[in-house]
Amino acid sequence: MKNILLVLLLIFLTTCSYGQSKSDFDFIIVIDEAIVTSLSNPKLLIRKENELLSGINISFKPGNLSLNTADYKIIANSNDDLYLKFDYYDYSKGKQEVYNYDIKIGKNWFEKSYLILRIYNTSKKKYKKKLIPIKGTNYAYEIDYGGGAAIQIRKP
């Protein structure tokens, strides 16, 4: 009986300490009007001009982005540019498409109560005539957050 209690206590303490080492954020990603359920190779990149200074692995589940607390402190203390980089696999009409995203984000995104990142692939006919893509890419994006939004420029 004592061994069982000791094991349960150990499991509880391990779970608590693991939970404290992560920083979680309410973060929803929508691509082409569909909520994203999985990303491939999600990372936060710290860059100065075009030079990569650091890459931070992150975890993403629908509605949640998490990273180690130590990595979050690195981001919070950095004055350099921050980018969210990931690959997204789209399966439609029996074909698989891979989209690569490299989106400049602000550190203040992590201070919001929630954030919705809406990405539109301007290579698709539906969005090509409506949105102006980010320079050098095939996509445009908008963000919604508690208290405001940043809307992508539309074509006239």
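Residues numbered from 1 in each chain as written. Predicted model: local features only at pLDDT ≥ 70, side-chain atom pairs only at ≥ 80, totals over all residues. Heavy atoms only, no water.

### Side note on the nonpolar core
If you look at the biggest cluster of nonpolar residues, it comprises 30 residues, and the most contacted ones within it are Ile29, Leu44, Leu117 and Ile119. Residue assignment for this core shows that the elements contributing at least two residues are β1 (22-31), β3 (40-48), β6 (63-68), β7 (81-92), β8 (95-105), β9 (115-121) and β10 (139-145). Setting aside chain neighbours within four positions, we find isoleucine 29 in contact with Ala34, Ile35, Val36, Leu39, Phe60, Leu84, Phe86, Leu117 and Ile119. (Core = buried A, V, L, I, M, F, W, Y, C linked by side-chain atoms within 4.5 Å. Buried < 20%, exposed > 50% of the residue type's maximum accessible area, 1.4 Å probe, protein only. Helix = DSSP H or I, 4+ residues; strand = E, 2+ residues; numbered from the N terminus. Contact = heavy atoms within 4.5 Å.)

### Details of the sheet that holds β8
Here four strands make up an open sheet; going across it, the order is β4-β3-β7-β8 and the pairing antiparallel. One side of each edge strand has no neighbouring strand; the edge strands of this open sheet are β4 (51-57) and β8. When the angles between neighbouring strand axes are averaged without regard to direction, this sheet yields 25°. In the sheet, β3 pairs with β4 via six bridges, with the strands oriented antiparallel. By the bridge assignment, isoleucine 46 is partnered in β4 with serine 54. Across the sheet, helix α2 (residues 69-77) lies against β3, β4 and β7, angled at about 35° from β3, the strand it touches most. (Pairing = 2+ DSSP bridges. Axes fitted to C-alpha atoms, helices over the stretch in contact; angles between N-to-C directions.)

### A few points about the packing of aromatic side chains
As enumerated under the stated definition, the model contains eight aromatic pairs in all. Judged by centre distance (5.0 Å) and plane angle (70°), the rings of tyrosine 101 and tyrosine 139 are edge-to-face. Here tyrosine 139 lies in strand β10 and tyrosine 101 lies in strand β8, a separation of 38 residues in the sequence. The same class applies to tyrosine 101 and to tyrosine 139, which are both buried. Taking 5.2 Å as the distance between ring centres and 50° as the angle between the ring planes, the aromatic pair formed by tyrosine 120 and tyrosine 127 counts as tilted. Residue classification places tyrosine 120 among the buried residues on the basis of a relative accessible area of 11%. Accessibility expressed as a relative area gives 5% for tyrosine 127, which makes it buried. One aromatic cluster is present, built from ring pairs that chain together Phe86, Tyr99, Tyr101 and Tyr139. Stacked on the ring of tyrosine 83, the Lys or Arg arginine 47 has its end atom at 4.4 Å from the ring centre. (Phe/Tyr/Trp six-rings, centres within 6.5 Å; stacked < 30°, edge-to-face > 60°. Lys NZ or Arg CZ within 6 Å of the ring centre and 35° of its normal.)

### What about a nonpolar patch on the surface?
On the surface, Tyr89, Tyr91 and Val98 cluster together into a nonpolar patch covering about 320 Å² of accessible area. Inspection of the secondary structure assignment puts tyrosine 91 in strand β7. The class of tyrosine 91 is exposed, set by a relative accessible area of 60%. (Patch = residues over 30% accessible without salt bridge, like charges linked within 9 Å, V, L, I, M, F, W, Y side chains within 5 Å. Areas by Shrake-Rupley, 256 points an atom, 1.4 Å probe, with all protein chains shown as cover. Salt bridge = Lys/Arg side-chain N within 4 Å of Asp/Glu carboxyl O.)

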